Amino acid sequence: MAMREIADVAVAGTGVVGLAVAAELLHRGLRVEVVGPRAGEHQGQGTRAAGAMLSTFSELEPHHSQQRAAMETAERLAAHDTYPAWLDRIAAMGGGQVNAPAGTWVLAPAGRRAYLDPIAAAARAAGHGAEEHHAAEVPVLRAPADSAGALWLPTEARVDSWMLMEALSRLVEQHPRAEWTAGPVTAVSAGAVVCAGGEQVRAGEVVLAAGCGIPALLPENGTPLGVPPILAGRGASAVLRAPALPLTEFVVRTPNAAFACGVHLVPRADGALYLGGTNRLTLDAGAAQAPALDEVAVLASDAASLLDDRLGAAGLMSTRIGLRPYTVDHLPLIGRTGEPRILLATATYRCGVLLAPRLAHLTAEEITAPGSLDAHPYRVLRPMPCPGIDEILAAGAARGLLEHLLQGNGHLPPRTQADLAAFAAVSLRALLEASTPAGTAARRMWERAPVIEAVPALFTLARRLEAVR
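Remember, predicted model here, so these are calculated numbers, not experimental data.

1. A few points about the overall build of the chain
Secondary structure assignment for the chain yields 13 helices and 18 strands. On C-alpha atoms alone, the chain measures out to a radius of gyration of 22 Å, which is about the 23 Å that the 2.2 N^0.38 rule sets for 469 residues. Overall, the chain is about 65 × 55 × 40 Å in size when its C-alpha atoms are taken along their principal axes. For the chain, buried positions account for 57% of its 469 residues. In the structure as shown, the chain presents an accessible area of about 19000 Å², 56% of it carried by carbon and sulfur atoms. Of the side chains in the chain, 39 bear a positive and 45 a negative charge, and the two mean positions are spaced by 2 Å.

2. Observations regarding the pattern of salt bridges
This structure, assessed with the given rule, holds 27 salt bridges. Note that Arg113 is salt-bridged to Asp117, the shortest N-O span being 3.0 Å. Accessibility expressed as a relative area gives 29% for Arg113, which makes it partly exposed. Residue classification places Asp117 among the partly exposed positions, given a relative accessible area of 41%. Residues joined by salt bridges that share partners form a network here, namely Glu24, Arg28, Arg89 and Glu365.

3. A closer look at the nonpolar core
Counting residues in hydrophobic clusters, the biggest one holds 56 residues, and the most contacted among them are Val188, Val193 and Leu208. For this core, the element with the highest residue contribution is helix 10 (residues 414-433), accounting for 6 residues. With near-sequence residues (within four places) excluded, Val188 lies in contact with Val193, Val206, Leu208, Leu217, Leu218, Pro219 and Ile342. Judged by nonpolar contacts, the second largest core, of 52 residues, contains Val16, Val17, Val159 and Leu331.

4. Considerations on helix 4 (residues 161-174)
In this model helix 4 runs 20 Å from its N-terminal to its C-terminal C-alpha over 14 residues, within 8% of the 20 Å that 1.5 Å per residue would give. Ser161, Leu164, Met165, Ala167, Leu168, Ser169, Leu171 and Val172 are the residues of helix 4 that are buried. Taken together, the buried residues of helix 4 touch helix 1 (16-27), strand 2 (32-35), strand 3 (44-45), helix 2 (66-92), strand 7 (178-181) and helix 7 (352-368).

5. A closer look at the packing of helix 1 against helix 4
Where helix 1 contacts helix 4, the two axes come as close as 10 Å, and the packing angle between them is 40 degrees. When the axes of helix 1 and helix 4 are compared, the crossing they make is left-handed. Where helix 1 approaches helix 4, its residues Val16, Leu19, Ala20, Ala22, Ala23 and Leu26 are matched on the opposing element by Leu164, Met165, Leu168, Ser169, Leu171 and Val172. Partitioned by chemical class, the residues of the contact of helix 1 with helix 4 number 11 nonpolar, 1 polar and no charged.

6. Some thoughts on unusual backbone geometry
In the Ramachandran plot, Ala52 falls in the positive-phi region, its phi being about 60 degrees despite a non-glycine side chain. Not every positive phi belongs to a glycine, and Glu220 is a case in point at roughly 50 degrees.

7. So, the packing of aromatic side chains
Counted according to the given criterion, the structure contains 4 aromatic pairs. Seen from their ring centres, Trp105 and Trp152 are 5.1 Å apart, and the 40 degrees between their planes marks the pair as tilted. One end of the pair, Trp105, is in strand 4 (residues 102-108); the other, Trp152, is in strand 6 (residues 149-157), and 47 residues separate them in sequence. Across the pair, exposure class does not vary: Trp105 and Trp152 are buried alike.

8. Here's the deal with the environment of Pro228
Along the chain, Pro228 turns up in the loop between helix 5 (214-217) and strand 11 (231-241). For Pro228, a relative accessible area of 11% corresponds to the buried category. Counting along the chain gives 135 residues from Pro228 to Met93, while the straight-line C-alpha distance between them is 35 Å. Look past the residues within four positions of Pro228 in its chain and what remains in contact with it is Leu333, Val380 and Met384.

9. Examining the pairing of strand 2
Burial along strand 2 is two-sided: the residues Val32 and Val34 and Glu33 and Val35 are all buried. Bridge analysis of strand 1 (residues 7-12) against strand 2 gives 4 bridges, and the strand direction is parallel. Residue pairing across strands places Val9 opposite Val32, the latter belonging to strand 2. A crossover connection joins strand 1 to the parallel strand 2 through helix 1; in handedness this β-α-β unit is right-handed. Across 4 bridges, the pairing between strand 2 and strand 7 is parallel. Its bridge partner lying in strand 7, Val34 is registered against Trp180.

10. Considerations on the pairing of strand 1
Strand 1 sits mainly inside the fold: 5 of its 6 residues count as buried. As judged from the 5 bridges shared by strand 1 and strand 10 (residues 200-208), these two strands associate in the parallel manner. What sits directly across from Ala10, in strand 10, is Val206.

11. Some details on the side chain of Glu205
Along the chain, the position of Glu205 falls in strand 10. The buried category is assigned to Glu205, whose relative accessible area is 15%. Glu205 has contacts with Asp8, Val9, Ala10, Arg336, Pro340, Arg341, Leu343 and Ile367, leaving out every residue within four places of it along the chain.

12. A few points about the side chain of Glu59
Residue position: Glu59 is located in the loop between strand 3 and helix 2. Within polar-contact distance, the side chain of Glu59 engages the side chain of Arg253 at 3.1 Å. Apart from the residues within four sequence positions on either side, Glu59 is in contact with His64, Arg76, Arg253, Asn256, Cys261, Arg350 and Cys351.

About the thresholds
- Residues numbered from 1 in each chain as written.
- Predicted model: local features only at pLDDT ≥ 70, side-chain atom pairs only at ≥ 80, totals over all residues.
- Heavy atoms only, no water.
- Helix = DSSP H or I, 4+ residues; strand = E, 2+ residues; numbered from the N terminus.
- Rg over C-alpha atoms; globule rule 2.2 N^0.38 Å.
- Buried < 20%, exposed > 50% of the residue type's maximum accessible area, 1.4 Å probe, protein only.
- Areas by Shrake-Rupley, 256 points an atom, 1.4 Å probe, with all protein chains shown as cover.
- Lys, Arg positive; Asp, Glu negative; His and termini not counted.
- Charge placed at Lys NZ, Arg CZ, Asp CG, Glu CD.
- Salt bridge = Lys/Arg side-chain N within 4 Å of Asp/Glu carboxyl O.
- Core = buried A, V, L, I, M, F, W, Y, C linked by side-chain atoms within 4.5 Å.
- Contact = heavy atoms within 4.5 Å.
- Expected span 1.5 Å × (residues − 1).
- Axes fitted to C-alpha atoms, helices over the stretch in contact; angles between N-to-C directions.
- Left-handed = near helix turned anticlockwise from the far one by under 90°.
- Nonpolar A, V, L, I, M, F, W, Y, C, P; charged D, E, K, R; others polar.
- Phe/Tyr/Trp six-rings, centres within 6.5 Å; stacked < 30°, edge-to-face > 60°.
- Pairing = 2+ DSSP bridges.
- Right-handed = clockwise from strand over helix to strand, strands pointing away.
- Polar contact = N/O pair within 3.5 Å; in protein donor to acceptor, adjacent residues only side chain to side chain.

This is the structure:
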């Protein structure tokens with residue numbers, strides 16, 4: 001087996017978090033080996049499929065506890081405050097300049113005005129602007145007449161994910177203390193990363209930043225090392241040409257809803273528009289498939305019905321799937337595992353591009369000053385009890401299921417919605433307790449992914465079982 005000269009740190013994974021960690025370690029004077037693909041389409045990689053909104057506040061939801069919202073906002077604010085200097089450092093280290101234009105509109109669909117309140121409150125508490133407007137006041141956009149309102153966040157920015165990744169890649173490639181092994185990673189052990197073909201990269205410490213692919217690289221999916229389950233959210237996106245909608249200066253999005261981020265439009269430098277907003281739990285993180293037709297249909301329907309009906313006539317230039325890594329408690333994983341020479345930097349879910357410089361800083365602190373993350377809420381070896389179905393239902397799973405089924409701003413009478421939500425809650429409990437093939441399959445799924453995002457998959461489970469009989 002070929003063996004490379006030992007580095008101080010090997011970073012396995014070439015998404016935004018992995019390259020940000022590598023850049024931070026190089027900045028601090030360490031020798032770094034990056035392992036993972038450099039060229040190609042990077043199919044399934046979350047970073048390059050991302051709209052790359054720097055959502056400091058707009059990911060907050062009404063059901064989030066005050067403690068949770070405060071903690072997450074503090075980490076996102078720390079990342080936000082770091083971003084300008086981080087981009088300048090990338091440029092100074094030879095990566096090239098990447099801009100982060102500021103300005104985001106959050107448009108509330110009919111009946112969801114209250115979703116703007118925690119976003120506005122968090123922004124104002126942090127000293128950032130949050131201006132309330134009528135939906136018709138959003139420039140350029142022809143918002144639906146029944147929209148409930150809009151919020152202007154002047155400091156919430158965006159980047160072009162492809163430009164950022166190319167800048168970070170150039171920085172690493174040309175740095176005198178960096179090496180890049182471009183083959184895919186097949187296994188990781190204490191002090192070593194094994195690549196396809198048997199080549200082995202040795203290092204004093206290994207940082208795993210390979211997202212949803214991490215469990216497959218570790219013995220028993222990382223359980224002996226205390227690594228919790230890392231789940232995958234499958235997000236579809238599209239790039240559009242929409243001459244009738246010359247959106248160039250700001251992001252437009254809806255609040256989070258129905259197990260997914262809000263539908264969003266992000267301007268690109270070439271005049272195109274990035275469209276995203278779907279999220280589906282997948283238990284096959286190795287799949288790097290193109291979006292299914294119904295995923296594209298959901299994007300198109302939500303964009304036209306919730307943002308601007310002119311989007312229905314937009315030209316479809318390309319589509320893509322990205323896999324977002326996340327945990328049962330929906331918080332990132334950083335720091336040392338039960339094997340101290342193996343660290344994680346992952347599970348950023350929908351905020352990887354925003355949190356990248358923050359996670360890179362924290363990871364580098366742990367490497368240069370061991371123990372720095374012992375009390376951090378994102379530490380790998382934290383308590384992570386799995387929620388029961390009652391806890392998930394209390395967090396709005398039944399209501400979210402109806403919202404998911406009524407995609408495209410569909411409506412039912414309020415009493416009917418309440419009745420169906422109650423019926424869905426009772427049915428989910430009964431399904432998970434049933435001594436039937438469907439009940440057994442549901443329990444297996446729930447054991448693998450006890451998260452709110454599993455609810456739509458549980459709903460369709462009976463149909464899938466019937467189809468294979």
